[in-house]
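Residue-level structural notes
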Amino acid sequence: MGLNNGRVETLMSDFLRKSGGVAVIDGGFATELERHGADLNDPLWSAKCLLTSTDLVRQVHLDYLEAGADIIITASYQATIQGFGAKGFSKEESEAMLKKSVDIACEARNVYYERCCNSAGNFTSDGKILKNRPILVAASVGSYGAYLADGSEYSGDYGDSMDLEFLKSFHRRRVQVLAESGADLIAFETVPNKIEAQAYAELLEEGIKIPAWFSFNSKDGVNVVSGDSLTECAKIADSCQKVVAIGINCTPPRFISGLIQSIKKVTTKPILIYPNSGEMYDAELKQWVKNTGVPDEDFVSYVNKWCEIGASLVGGCCRTTPNTIKAICRTLPSRSSYKK
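Let us look at the structure shown here. All residue numbers here refer to positions counted from 1 along the written sequence of the relevant chain. Only residues with pLDDT of 70 or above have their local features reported here, since the model is predicted, and side-chain atom pairs are shown and tallied only from 80 upward, although totals for entire chains, interfaces and linings are computed over all residues. As a convention, hydrogens and water are excluded, and side-chain values are obtained from all of the structure's heavy atoms.

1. As for the pairing of strand 4 (residues 185-191)
Look at any regular strand and the pattern is simple: side chains alternate between the two faces of the sheet. Burial analysis of strand 4 places 7 of its 7 residues in the buried class, which makes it a mostly covered element. Where strand 3 (residues 136-141) and strand 4 come together, 4 bridges link them in parallel fashion. Looking across to strand 4, one finds that Ser-140 is bridged to Ala-187. As paired strands, strand 4 and strand 5 (residues 212-216) are joined by 4 bridges and run parallel to one another. The partner of Val-191 across the bridge, within strand 5, is Phe-216. Buried, partly exposed and exposed residues are distinguished by accessible area as a fraction of the type maximum, computed with a 1.4 Å probe on protein chains only: under 20%, between the cut-offs, and over 50%, respectively. Only DSSP runs of H or I covering at least 4 residues are called helices, and only runs of E covering at least 2 are called strands; the numbering of each starts at the N terminus. Any two strands with at least two DSSP-identified bridges between them are counted as paired.

2. Re the pattern of salt bridges
What counts as a salt bridge is simple: a side-chain nitrogen of Lys or Arg found within 4 Å of a carboxyl oxygen of Asp or Glu. All told, the structure shown has 17 salt bridges when counted by the stated rule. In this structure, the salt-bridge partner of Arg-335 is Asp-70, at a minimum N-O distance of 2.7 Å. Of this pair, Arg-335 sits in the segment after helix 14 (322-331) while Asp-70 sits in the loop between helix 4 (54-67) and strand 2 (71-73), placing them 265 residues apart in sequence. Asp-70 carries the same exposure label as Arg-335, and that label is buried. Three or more residues are tied together by salt bridges with common partners; here these are Asp-55, Arg-58 and Glu-107.

3. Some thoughts on the environment of Gly-315
In this fold, Gly-315 is placed in the loop between strand 10 (311-314) and helix 14. Counting along the chain gives 113 residues from Gly-315 to Glu-202, while the straight-line C-alpha distance between them is 27 Å. Contacts are assigned to residue pairs that have any heavy atoms within 4.5 Å of one another. Setting aside its immediate chain neighbours within four residues, Gly-315 contacts Ile-25, Asp-26, Ile-273, Tyr-274, Pro-275, Phe-299, Ile-325 and Ile-328.

4. Describing the packing of helix 4 against helix 14
Helix axes use the C-alpha atoms of the stretch in contact, all axes being lines fitted to C-alpha atoms, and the angles between their N-to-C directions lie in the range 0 to 180 degrees. It is at 8 Å that the axes of helix 4 and helix 14 come closest, and there the two elements cross at 20°. With respect to helix 14, the axis of helix 4 lies roughly parallel. In the packing of helix 4 onto helix 14, the handedness of the crossing is right-handed. Contacts between helix 4 and helix 14 pair Asp-63, Tyr-64 and Ala-67 from the former with Pro-322, Ile-325, Lys-326 and Cys-329 from the latter. Each angle is binned into one of four classes, with values under 35 degrees roughly parallel, values over 145 roughly antiparallel, values of 65 to 115 roughly perpendicular, and all other values oblique. Should the near helix be turned anticlockwise from the far one by less than a right angle, the crossing is termed left-handed; should it be turned clockwise, right-handed.

Okay, structure coming up:
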């Protein structure tokens, strides 16, 4: 029996209630894999580790759970059937790797719950959080621009000839596979423009049985990166019954407060924010520009303000780490038990 709309709509509200009103999303994934030595200079980016380093992927998920994250996002952001196909994999092999990204995250959650059961308390001697709590696995879907691996998810410029049907066709099978893989929801991340938001919303109405969130990115604090209106993009997300949260990711922290206010004008759905560290990415050099971001303590100093003005899911994106997530948990009033 499929999930009815009522169940889809209550998944997030029930989860947030059990999480004390604010849930914590994990932090940067690909940049964390790189910090552990993974070489991601590849069109598949973090998805390359689904081929080469599944133990490392599982470990990074676990690191975030032990830092206090309530939601872990799969390593499928840049995993596409077309991208795997370009590497010589068959359609069946490509679909299996999409499912594998969810399997690894679910395994990490199971290992974490086992550690909680075997633990004498909520903390280990080195400060890891072992607290039995509801945990969601979100299956990541990156934009068409992410597949192109040319930085266009940071511009949203797909050219004048791009149309809705092409984008739906590009994403359709990937979304179907991830929706049937055992994930709790789909995370449409770093959505750069209005046409892709519309494509996702229409795909979700094609019999997808699990809910989703939409998170957009901005480089001016007003519009999404393509220049399309954030409020118009958020309205598309709001009008889709399957969408249970709307927000912003991979955007500098200084812009977040204003963007929350904009989203609040057009939706009553939960608002999620997981900014990057504020550092700049050089798409030509394919590397982060050092010393352009904010340190963890400055990042975390924003968090309670974001929650006060309307965010109810908070985490980090590129260049944030498990230490960032641990610091977020410790600053949230609802997580007073996490202070050690």
